[in-house]
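Given next are the chains, with one letter for each unit.
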Amino acid sequence: MKNRTRKPILISLLTLVLLAGCSGILDEQPRSTYEPSFFQTEAGVLGGLTGMYAHLRYIYGQAYYYNTTLTGTDEATYAQSADQNFQVMDISGQGEITSTSSRADALWGAAFTNINTASGIIENAAEVGISDALIAEARFFRAFDYFLLVQTFGGVPLDLGAGDLAFNSNPVRISTRNTVPEVYTKGIFPDLLQAVNDLPVDPRLTGTATKTLARLYLAKAYLTYAWWLENPNNIPTYPETARVDPDGHDPQWYFQQAYDIAMAAINDPGPFGLQETFYDVNWAPNDRNNEILLYADRTETSEFYNGSSLTWGNGGAPDNFAVWMMTWNYTVIQSSSSPNSWSPVNSVQREAVQALGRPWTRMAPTIGAITNTFADKSNDSRYDGTFTTTYRGNWDKAGMSGPLYNAHLLEINPGDPVLTFLDEEPDQPIDYSLPVSQGGNIGAGTLPGRSDFVIAPTNISRIVYPGLWKLGVYRTDNGNGLGQPNAASTRPFSIAKFSELYLVAAEAAVKGATGAMSARDLVNVLRARAGMWRWDNGADAERIEDNSAEMIAATPAVIDINYILAERSREFYGEGYRWYDLIRTQKWEELAGSYQIAGSNYGDYTAQTVTRSIKPFHYLRPIPQGQIDAMEGETASYQNPGYD
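Residues numbered from 1 in each chain as written. Predicted model: local features only at pLDDT ≥ 70, side-chain atom pairs only at ≥ 80, totals over all residues. Heavy atoms only, no water.

### What about the overall build of the protein chain?
Within the protein chain, the secondary structure is distributed over 19 helices and 17 strands. Its C-alpha atoms give the protein chain a radius of gyration of 25 Å, within 12% of the compact-globule value 26 Å for 644 residues. For the protein chain, the C-alpha atoms occupy an extent of roughly 80 × 50 × 50 Å along the three principal directions. Classification of the 644 residues of the protein chain by burial places 63% in the buried group. (Helix = DSSP H or I, 4+ residues; strand = E, 2+ residues; numbered from the N terminus. Rg over C-alpha atoms; globule rule 2.2 N^0.38 Å. Buried < 20%, exposed > 50% of the residue type's maximum accessible area, 1.4 Å probe, protein only.)

### Some remarks on the confidence of the model for the protein chain
Taken as a whole, the protein chain shows an average pLDDT of 93; of its residues, 94% reach a score of 70 or greater. Ranking the elements of the protein chain by mean pLDDT puts helix H10 (residues 303–306) last, at 89, and helix H13 (residues 500–510) first, at 99. Under a pLDDT of 50 for its full length, residues 1–32 has, in the predicted model, 110 contacts with residues more than four places off or in other chains. (pLDDT = per-residue confidence, 0-100. Contact = heavy atoms within 4.5 Å.)

### Some remarks on the packing of aromatic side chains
Tallying each qualifying case throughout the model produces 49 aromatic pairs. Measuring from ring centre to ring centre gives 6.4 Å for Phe147 and Tyr217, while their planes differ by 90°; the resulting arrangement is edge-to-face. Of this pair, Phe147 sits in helix H5 (residues 132–153) while Tyr217 sits in helix H7 (residues 211–230), and the two are 70 residues apart along the sequence. Comparing Phe147 with Tyr217, the two get one shared label, buried. (Phe/Tyr/Trp six-rings, centres within 6.5 Å; stacked < 30°, edge-to-face > 60°.)

### Thoughts on the environment of Glu300
Relative to the helices and strands, Glu300 is located in the loop between strand E2 (292–296) and H10. In this view, Glu300 contacts Leu310, Tyr474, Arg475, Thr476, Asp477 and Thr490; residues no more than four positions away in its chain are not counted.

### Here we look at the environment of Met325
Mapping Met325 onto the fold places it in helix H11 (residues 322–325). Of the residues examined, Met325 reaches a relative accessible area of 0% and is grouped as buried.

### Comments concerning the pattern of salt bridges
What the rule picks out here adds up to 33 salt bridges. Notably, a salt bridge pairs Asp268 with Arg215, separated by 3.7 Å at the nearest N-O pair. Here Asp268 is found in the loop between helix H8 (251–267) and helix H9 (278–282), whereas its partner Arg215 is found in helix H7, with 53 residues between them in sequence. With its nearest N and O atoms 3.1 Å apart, the salt bridge here joins Arg584 to Asp581. In this pair, Arg584 and Asp581 are both assigned in helix H17 (residues 578–585), three residues apart and thus about one turn of the helix distant. Residues joined in a network through salt bridges with shared partners are Glu291, Asp380, Arg382, Arg527, Arg529, Glu567, Arg570 and Glu571. (Salt bridge = Lys/Arg side-chain N within 4 Å of Asp/Glu carboxyl O.)

### Comments concerning the packing of helix H2 (residues 63–70) against H17
The N-to-C vectors of H2 and H17 enclose an angle of 40°; their axes lie 6 Å apart at closest approach. Here H17 runs oblique to H2, going by the angle between their axes. Counting all contacts with H2, which are made through Tyr65, Thr68, Thr69 and Leu70, the residues of H17 involved are Arg578, Trp579 and Tyr580. Of the residues contributing to the contact of H2 with H17, the split by class is four nonpolar, two polar and one charged. (Axes fitted to C-alpha atoms, helices over the stretch in contact; angles between N-to-C directions. Parallel < 35°, antiparallel > 145°, perpendicular 65-115°, else oblique. Nonpolar A, V, L, I, M, F, W, Y, C, P; charged D, E, K, R; others polar.)

### Quick look at the side chain of Asn124
The topology assignment puts Asn124 in helix H4 (residues 105–124). The buried category is assigned to Asn124, whose relative accessible area is 11%. Aside from chain neighbours lying at most four places away, what touches Asn124 is Phe39 and Gln40.

### Quick notes on the packing of H5 against H17
Contact pair H5 / H17: the axes reach a minimum separation of 10 Å and the direction vectors enclose 65°. In this structure, H5 meets H17 at a crossing whose hand is left-handed. Counting all contacts with H5, which are made through Leu148, Gln151 and Thr152, the residues of H17 involved are Trp579, Tyr580 and Ile583. Looking at the contact of H5 with H17 residue by residue, the class counts come to four nonpolar, two polar and no charged. (Left-handed = near helix turned anticlockwise from the far one by under 90°.)

### Digging into H7
In this model H7 runs 28 Å from its N-terminal to its C-terminal C-alpha over 20 residues, within 8% of the 28 Å that 1.5 Å per residue would give. With 19 of 20 residues buried, H7 lies mostly within the body of the structure. Looking at the residues trailing H7, positive phi occurs at Asn231, about 50°. (Expected span 1.5 Å × (residues − 1).)

### Comments concerning unusual backbone geometry
Of all residues except glycine, most have a negative phi; of all peptide bonds, most are trans. Each neighbour pair has its own omega, and for Tyr238 with Pro239 the value is -10°, a cis peptide bond. In this fold, Pro239 is placed in the loop between H7 and H8. Of note in the backbone geometry, Arg288 takes a positive phi value of approximately 65° without being a glycine. By the secondary structure assignment, Arg288 is in the loop between H9 and E2. The residue Thr361 is not glycine, and still its phi comes out positive at about 55°. Its location among the elements puts Thr361 in the loop between strand E4 (344–346) and strand E5 (363–365).

### Here's the deal with the sheet that holds strand E7 (residues 390–392)
Taken in spatial order, the three strands line up as E7-E10-E11 in an open sheet, and their pairing is mixed. Each end of this open sheet is capped by a strand with a single partner; those strands are E7 and strand E11 (453–455). Strand-to-strand twist in this sheet, taken as the mean axis angle between neighbours without regard to direction, amounts to 10°. The pairing of E7 with strand E10 (residues 417–421) spans three bridges and is classified as antiparallel. By the bridge assignment, Arg392 is partnered in E10 with Pro417. (Pairing = 2+ DSSP bridges.)

### Quick word on the nonpolar core
Of all hydrophobic cores here, the largest spans 181 residues; its most connected members are Phe140, Tyr146 and Ile188. The contacts of Tyr146, once residues within four sequence positions are left out, are Phe112, Ile115, Val156, Pro157, Leu158, Leu160, Leu165, Val183 and Ile188. (Core = buried A, V, L, I, M, F, W, Y, C linked by side-chain atoms within 4.5 Å.)

### What about the pairing of E10?
For E10, the tally of buried residues reaches four of five residues, placing the bulk of the element in the interior. Taken together, the three bridges between E10 and E11 define a ladder with parallel strand orientation. Bridge pairing in E11 links Leu419 to Phe453.

### Here we look at helix H16 (residues 561–572)
Taking 1.5 Å as the rise per residue, H16 with twelve residues should run 16 Å; its terminal C-alpha atoms sit 16 Å apart, in good agreement. The buried count for H16 comes to eleven of twelve residues, which makes it a mostly enclosed element. Within the sequence span of H16, burial applies to Ile561, Tyr563, Ile564, Leu565, Ala566, Glu567, Arg568, Ser569, Arg570, Glu571 and Phe572. For H16, the capping residue at the N-terminal end is Asp560, with a side-chain oxygen 3.3 Å from the backbone nitrogen of Asn562. One or two steps after H16, the chain reaches Gly574, where phi turns positive at roughly 75°. (Polar contact = N/O pair within 3.5 Å; in protein donor to acceptor, adjacent residues only side chain to side chain.)

As structure tokens, then:
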């Protein structure tokens, strides 16, 4: 993907673009722009709220933003087909993150436009008879966007041209950044506190904001701000300011608040809760389940409401195409049409199913994510419920009949494994001696008696690696064929989960917060759930198994921050949490300063250790160059230090 030239963004010239309406949320007629008078009508306010949900599509599922949240962490690195958009984020000698190469601009533009929309709703809604509960939805989203921005860029403007947190309709070319404490204490906390008070327990429509959702974000904001105040590794902030809370509270006060708010949500969940198994959380037919508190919605029934084509995707927002980035080109896998000699046939076709989808090979998991984060693959279901590890033959859906012949020229039929990424290193060494073409065309290995090609977890590379099953595509209109694998995913992109409340409270407890449940108690709720199996993706078979006792027994007696972070990765791997987790806790360099992965050619299975050059200034992304260029006057001080 090319780094396209972007239209300059004026944060105070927010055109208030209303995106396509979300199916199943609101029925108001989508509009292209808002005028100030539009918010002075009930229809205008409701239309603005529709746009607030729709704007999530321009952030979540957008591959460039997705890339900035994962590449360069211990979860992911760039893959064989990565362009500079992905390579530079790895901070491993493939280019520098700059104000033009950082793709955090995807967040900057979408968030500020929505913030101004929210301010227009908040200022006008009461006068047109809109309830406090509806106004609270706008308050939630204004805080939501500011929380993303302050974590990503540091202090950002509260004044978009008409005063702090005021709706602005007049273009201006000047801007002043507020400090981090000002953004939290003037913007995020007041809006979220009001949202917790005014939002309903039950969503007014499927997918709309609730009290539980607001509590999660308030707890996360308190937790993140507490870490910022504590600043254990002396990471610089910008604009420069003392790490002092304007309200006089210390970090411990905020850690306790994070714990208390998260526990309040756990104890009074409303219609939300944990799914019985981890598999069910991310199983596509079970999308929009009661564990998902917020998602960027899509639909396969209408291109108008989906906001993008249902048959083709070009990689541009609002397409949901993030999962393509960590999908390798499995379509090169070959078997033989002859049992006597190697006569290659593509045995795994591109298909619109959760385990496959459209390959782009831009991002790859690190070996450490496979071997260390998900070390227990027998008791813990989360590895199996996260990755595609078995690639099965589907040539029949492309109109080809009959069996094929695979490793050792053994017969396979549609649905049989063609390539398997093994859970563990096998007792007998894998034979990688076959020519690349006879190793499934990817240089995979063989084991005696097995008809599938195999790759060990320590041999994954930038070109061949397990896919990201949890975010995989899903369609109900495939029929008996391959469906529409070239279209963007029509699944909702999950943004917030009820399960995170347990880990927020546990993290706060590790930092000294006290209450009815300890950090170990809280972590074990999710670990016990992770031990419950009902389906085995790798085996493609039912697996009714309860390993919860083993999971709880394996939990350390003393929980530390690194263990919390490991549990967060096991729960939320590949969902866009990781960079924020590492910068919040200031563990980025410690946990992701180096990683292992094999090379970029088929048949290259020798792992290499790669060192990253993570500097303190990298803990903030650069202000997008389009913003700088759109401003008048002195702009050098507007940019975060370390970026030219």
